[in-house]
Amino acid sequence: MQFLNRDFYNNNNILGYITSSIQALINMNSTILGTKEYMLFFYIKEDFSANYFSLYNADIDLECLGFSVLQRNTRHSIEAFLDLVNLSNDSDYLTVMEYCNNRNNRYNPKYHSILHGSCNIPKKYKIATQMYNENIPENILTISSKTNKYTHPNVFVNILNYNDYDKKLGILRNLLRRL
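First, a word on what this report is: a plain description of the structure on this page. (Residues numbered from 1 in each chain as written. Predicted model: local features only at pLDDT ≥ 70, side-chain atom pairs only at ≥ 80, totals over all residues. Heavy atoms only, no water.)

## So, the overall build of the protein chain
Helix and strand content of the protein chain: nine helices and zero strands. The linear arrangement of helices and strands in the protein chain, starting from the amino end, is α-α-α-α-α-α-α-α-α. In terms of principal-axis extent, the alpha carbons of the protein chain reach across some 55 × 45 × 30 Å. For the protein chain, buried positions account for 34% of its 179 residues. (Helix = DSSP H or I, 4+ residues; strand = E, 2+ residues; numbered from the N terminus. Buried < 20%, exposed > 50% of the residue type's maximum accessible area, 1.4 Å probe, protein only.)

Take a look at the structure:
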């Protein structure tokens, strides 16, 4: 993969930096491992690692789904990031996460003005930016929307031909700009 910066994947790489930084935090306070915040961080780290290895090992010739692993993991990371931001701002946000996971639960009423009974990424973004005044670029919603069709098996995505190098390169460029 000639277009990737060598600093991204050489011996002293970004994955090593993230791992050693987190290990230092865990060494200072191992109780962090039992928190929902760490779990959300771990999802993001796991998705990033999977994207990294998927890119590093991609067989561009055989790719036919538009780099679905990258798309799916990116969308998943966005939701985990928004949940992490919101939960870090207010522990009551856990009620929203419970509601999203199991519709039988009720969320804290202070979120009703934004949620109105439904839970999705744009609403989680609104909670972060409007309730907690977090400065998160709005293009995160565009990225989430564009990658959403890859969250479940979708036989209706456009199939790329073996020789569609320009299309594949365009998809990779867009994904790398978003990552």
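## What to know about the packing of helix 4 (residues 68-89) against helix 8 (residues 139-147)
Packing of helix 4 against helix 8 brings their axes to within 8 Å, and their N-to-C directions diverge by 135 degrees. In terms of their interaxial angle, helix 4 and helix 8 are classed as oblique. Considering how the two elements wind past one another, helix 4 and helix 8 form a crossing that is left-handed. The residues of helix 8 that touch helix 4, namely those facing Gln 71, Thr 74, Arg 75, Ile 78 and Phe 81, are Ile 140, Ile 143, Ser 144, Lys 146 and Thr 147. Considered class by class, the residues forming the contact of helix 4 with helix 8 number four nonpolar, four polar and two charged. (Axes fitted to C-alpha atoms, helices over the stretch in contact; angles between N-to-C directions. Parallel < 35°, antiparallel > 145°, perpendicular 65-115°, else oblique. Left-handed = near helix turned anticlockwise from the far one by under 90°. Contact = heavy atoms within 4.5 Å. Nonpolar A, V, L, I, M, F, W, Y, C, P; charged D, E, K, R; others polar.)

## A closer look at the layout of surface pockets
The computed volume of the second largest pocket comes to approximately 400 Å³. Taken together, 15 residues form the lining of the second largest pocket, with Leu 40, Tyr 43, Asp 83, Met 97 and Lys 124 sitting closest to its centre. Of all the elements in the fold, those that place two or more residues in the lining of the second largest pocket are helix 3 (36-57), helix 4 and helix 5 (94-101). Class assignment for the residues of the lining of the second largest pocket results in seven nonpolar, two polar and six charged. (1 Å grid on protein atoms, 1.4 Å probe; cavity = no way out; pocket = protein on both sides within 12 Å on 5 of 7 lines; lining within 4 Å. Points joined across faces, edges and corners; volume = space filled by probe spheres on them.)

## Remarks on the pattern of salt bridges
Overall, the coordinates contain five salt bridges when judged by the stated rule. Notably, a salt bridge pairs Asp 90 with Lys 110, separated by 2.5 Å at the nearest N-O pair. Here Asp 90 is found in the loop between helix 4 and helix 5, whereas its partner Lys 110 is found in the loop between helix 5 and helix 6 (112-115), with 20 residues between them in sequence. Residue Asp 90 is classed as buried on the basis of its relative accessible area, which comes to 14%. Among the ionic pairs, Asp 92 bridges to Lys 110, the shortest N-O distance being 2.8 Å. One end of the pair, Asp 92, is in the loop between helix 4 and helix 5; the other, Lys 110, is in the loop between helix 5 and helix 6, with 18 residues separating them in the sequence. On the basis of relative accessible area, Asp 92 is assigned to the partly exposed category, the value being 28%. Each of the salt bridges in this network shares a partner with another, and the network as a whole consists of Arg 75, Glu 79, Asp 83 and Lys 124. (Salt bridge = Lys/Arg side-chain N within 4 Å of Asp/Glu carboxyl O.)

## Quick look at helix 5
If you check which residues of helix 5 are buried, you get Val 96, Met 97 and Tyr 99. Here the buried residues of helix 5 occupy an arc of 160 degrees about the axis, which is enough to place them on one side. (Arc of directions from axis to C-beta.)

## Let's talk about the packing of aromatic side chains
On inspection of all chains with the given rule, the structure shows six aromatic pairs. For the pair Tyr 38 and Phe 41, a centre-to-centre distance of 6.0 Å together with 45 degrees between the ring planes defines the contact as tilted. Residue Tyr 38 and its partner Phe 41 are both found in helix 3; the two are separated by three residues, about one turn of the helix. On the basis of relative accessible area, Tyr 38 is assigned to the buried category, the value being 16%. Here the aromatic rings of Tyr 52 and Tyr 56 are separated by 6.2 Å at their centres, their planes lie at 10 degrees, and the arrangement is stacked. Of this pair, Tyr 52 and Tyr 56 both sit in helix 3, four residues apart, which is roughly one turn of that helix. Among the aromatic residues, ring-to-ring pairing joins Tyr 38, Phe 41 and Phe 42 into one connected group. (Phe/Tyr/Trp six-rings, centres within 6.5 Å; stacked < 30°, edge-to-face > 60°.)

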